[in-house]
Amino acid sequence: AIFGAPILTKGKSWLPVTQGLVTVIMTFVWRNQHPNRPWYKQLLAGFLSMVFMLGSEWGHNLAHTYMADKVGKPPDAIKVVFGMPLLHYERTQDDEVSPNQHILRAIGGPVFNTLIIPFAWLFRAFTWAGSVLRDAANAFLGMNVFLALISLLPIPGIDGGPILKWSLVRKGKSREEAD
């Protein structure tokens, strides 16, 4: 268990399928940007980019789990699907979870990514333009900016949706009105 949540896999769902796909995609991205780079450096750039990008996604979800544990309402499980974490709550409308607890659980991921941005920027600043490490740093910085911003969109199923909903409930709206 991590922060009070057991890690569950079903069959071979733990296999790092997503990691393989992202490595291939990022290898092609960097190949197109650096066509004269040797193949093994293109593959290395793709692999390192995947590590930083998907590591940021794992960190985002573990930050949610950490915050949920801190407020005393951890997820029922962290399900690993195609090598990626999905937080699972049996009851999303749990009456025992206060609006503040819902908000704090939802804000953990975006806060994590926001805090990582300066470190990713520093990492990028200390790499050479056109290098494999610069490519990985660009992916690292870009992924954390993306996750920090996109996750706050007020859309159900994305962190900003629950933050908005439970903020409205906290201000006196019913759950139905907030939905």
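Above this text you will find the structure in question.
Nothing here was measured: the structure is a model prediction, and the numbers come from that model.

I keep staring at the overall build of the protein chain and nothing clicks. Help me out?
Summing up its helical and strand segments, the protein chain has six helices and three strands in all. Put simply, the protein chain has 179 residues, and 40% of those count as buried. Long-range contacts, defined here as pairs at least 24 residues apart, represent 65% of the contacts in the protein chain between residues at least 6 apart. When the accessible surface of the protein chain is split by element, carbon and sulfur atoms take 68% of a total near 10300 Å². Charged side chains in the protein chain number 17 positive and 12 negative. The centres of these two groups are separated by 11 Å.

Sorry if this is basic, but what is going on with the side chain of Arg 105 here?
Its place among the elements puts Arg 105 in helix α3 (residues 99-125). In this structure Arg 105 comes out as buried when scored by relative accessible area, which is 9%. Not counting the four nearest positions on each side in its chain, Arg 105 is found in contact with His 64, Met 67, Ala 68, Val 71, Lys 73, Tyr 89 and Val 97.

Even after reading the chapter, I still don't get the sheet that holds strand β3 (residues 84-88), so can you show me in this structure?
Backbone-to-backbone hydrogen bonds join strands into a sheet, with any given pair of strands oriented parallel or antiparallel. Strands sit in the order β1-β2-β3 across an open sheet of three strands; the sheet is mixed. Edge positions in the sheet fall to β1 (7-8) and β3, since each of these pairs with one other strand and no more. The pairing of β1 with strand β2 (residues 77-81) spans two bridges and is parallel. Its bridge partner lying in β2, Leu 8 is registered against Lys 79. Against the sheet, helix α2 (residues 39-70) makes contact with β2 and β3, and its axis sits at roughly 20° relative to β3, the strand it touches most.

What is the right way to look at the side chain of Thr 23 in this model?
Take Thr 23: it is sitting in helix α1 (residues 17-33). There is a polar contact of 2.8 Å between the side chain of Thr 23 and the backbone oxygen of Gln 19. Among all residues touching Thr 23, those that are not within four sequence positions of it are Leu 43, Gly 46, Phe 47 and Met 50.

Reading the values: the criteria
- Residues numbered from 1 in each chain as written.
- Predicted model: local features only at pLDDT ≥ 70, side-chain atom pairs only at ≥ 80, totals over all residues.
- Heavy atoms only, no water.
- Helix = DSSP H or I, 4+ residues; strand = E, 2+ residues; numbered from the N terminus.
- Buried < 20%, exposed > 50% of the residue type's maximum accessible area, 1.4 Å probe, protein only.
- Contact = heavy atoms within 4.5 Å.
- Areas by Shrake-Rupley, 256 points an atom, 1.4 Å probe, with all protein chains shown as cover.
- Lys, Arg positive; Asp, Glu negative; His and termini not counted.
- Charge placed at Lys NZ, Arg CZ, Asp CG, Glu CD.
- Pairing = 2+ DSSP bridges.
- Axes fitted to C-alpha atoms, helices over the stretch in contact; angles between N-to-C directions.
- Polar contact = N/O pair within 3.5 Å; in protein donor to acceptor, adjacent residues only side chain to side chain.

Remember that the coordinates give geometry; whether it matters functionally is a separate question.
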